[in-house]
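Below are the chains, spelled out letter by letter.
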Amino acid sequence: MAVEILMPKLGLTMTEGTIDIWFKNEGDRVQKGEPVCSISSEKLTHDVEAPESGLLLKILYNAGEEALCKEAIGIIGEENEKVHTKSETKQPENVTEAMTTPPPNRTNEKKSAAILDRSADERIFITPLARKIASEKGYDYQEIHGSGGNGRITRKDVENYAPKNNPVSDEGLLTQSVGSGLTGMRKVIAQRMHHSLQNTAQVTIHRRINVSPLMEFRAEIKNKAADQINRGQLGMNPLLIRAVVLALKDHPEMNAWYGDSGLQQFEEVHIGVAVALDEGLIVPVIKEAQ
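Residues numbered from 1 in each chain as written. Predicted model: local features only at pLDDT ≥ 70, side-chain atom pairs only at ≥ 80, totals over all residues. Heavy atoms only, no water.

Bringing the overall build of the protein into the picture now. From N to C terminus, the protein includes 7 helices and 14 strands. Considering the protein as a whole, with its 290 residues, one finds that 30% of them fall into the buried category. Considering only contacts within the protein whose residues lie at least 6 apart along the sequence, 54% involve residues at least 24 apart. Counting every atom, the protein has about 19800 Å² of accessible surface; 51% of that belongs to carbon and sulfur. (Helix = DSSP H or I, 4+ residues; strand = E, 2+ residues; numbered from the N terminus. Buried < 20%, exposed > 50% of the residue type's maximum accessible area, 1.4 Å probe, protein only. Contact = heavy atoms within 4.5 Å. Areas by Shrake-Rupley, 256 points an atom, 1.4 Å probe, with all protein chains shown as cover.)

Next comes the structure, spelled out in structure tokens:
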């Protein structure tokens, strides 16, 4: 009996993943537990293993395509076993939406026909995340070309869509291209760093200070500890983080944010600490560090 290879859910916030590469081709024999493809989320890369032994009968999503978590991306079975293709697979209502007729209250049929040469009975598939983003931006997703399998509209399609009555500026086009050619964590790093540069005032101040008292304080803590504290267990980072907390408590006007609603000052101190990994960079946040 055929079994599905599912897109794994690698974290609580992951909703979809990207197929980076298939290690096997359709028709190849695979063993249970053998890696068949590599996928990536915004933060991680992961090898997907075969759930059973058999032939890789069908690849439902090609390299570069996105699939929702827990959605079938391939099928394993025995030779001559009949399987459903992606377009034949029944789509649950909460996963994709198939539209057979234009929605009511459309006032400009001519505009819709001019934008896309879609027949009236053509089915339109869209992922829930893409539909949510389109709704938030006020886009009519019927006007968006889908790049996914079977013409499915993905998050990337919605983010790259530029309504004809609202042309994208040069800056907008640049933002959309950020991360191009990268995948997984490195793509997200490029996008987040660019977003930070565009939306946050960048300030760097260099000062020389005498940290001798701080080093003495660190040595005192180590000597008073009941258990031996090694250097890695009490480095400079925890002490510097604590110093930042105390400084922000002494100068609360620095623990503020200026946005659409004006200047907001906060009592809580949340500190992000950049941590280097072999494959990139993450910034865990210490909430309520005060």
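Right, let's get into the packing of aromatic side chains. Counting across every chain of the model gives 1 aromatic pair. Centre to centre, the rings of Tyr-139 and Tyr-161 are 5.0 Å apart; their planes meet at 80 degrees, and the pair counts as edge-to-face. Here Tyr-161 lies in the loop between helix H3 (155–160) and helix H4 (170–177) and Tyr-139 lies in the loop between helix H2 (128–137) and H3, a separation of 22 residues in the sequence. Classification of Tyr-161 by relative accessible area gives buried; the value is 13%. (Phe/Tyr/Trp six-rings, centres within 6.5 Å; stacked < 30°, edge-to-face > 60°.)

Consecutive residues of a regular strand have side chains that alternate between opposite faces of the sheet. In this sheet, strand S5 (residues 45–49) lies alongside strand S4 (residues 35–40) in antiparallel orientation, the contact comprising 5 bridges. Residue Ile-39 lies in a different strand from S5, and its bridge partner there is His-46. Hairpin connection from S4 to S5: 4 residues lie between these consecutive antiparallel strands. (Pairing = 2+ DSSP bridges.)

A separate point is the nonpolar core. The nonpolar side chains of soluble globular proteins are, as a tendency, buried together. The biggest cluster of nonpolar side chains holds 24 residues, and the ones touching the most others in it are Ile-5, Trp-22 and Ile-73. Not counting residues within four places of it along the chain, the set of residues in contact with Ile-73 comprises Ile-5, Leu-6, Met-7, Ile-19, Trp-22, Cys-37, Ile-59, Leu-60, Tyr-61 and Ala-67. (Core = buried A, V, L, I, M, F, W, Y, C linked by side-chain atoms within 4.5 Å.)

Ordered in space as S1-S8-S6-S3, the 4 strands form an open sheet in which the pairing is antiparallel. Either end of the sheet is taken by a strand with one partner, and the two such strands are strand S1 (3–6) and strand S3 (29–30). Pairing of S1 with strand S8 (residues 72–77) involves 4 bridges; the strand directions are antiparallel. Residue pairing for S8: Glu-4 is matched across the bridge by Ile-75.

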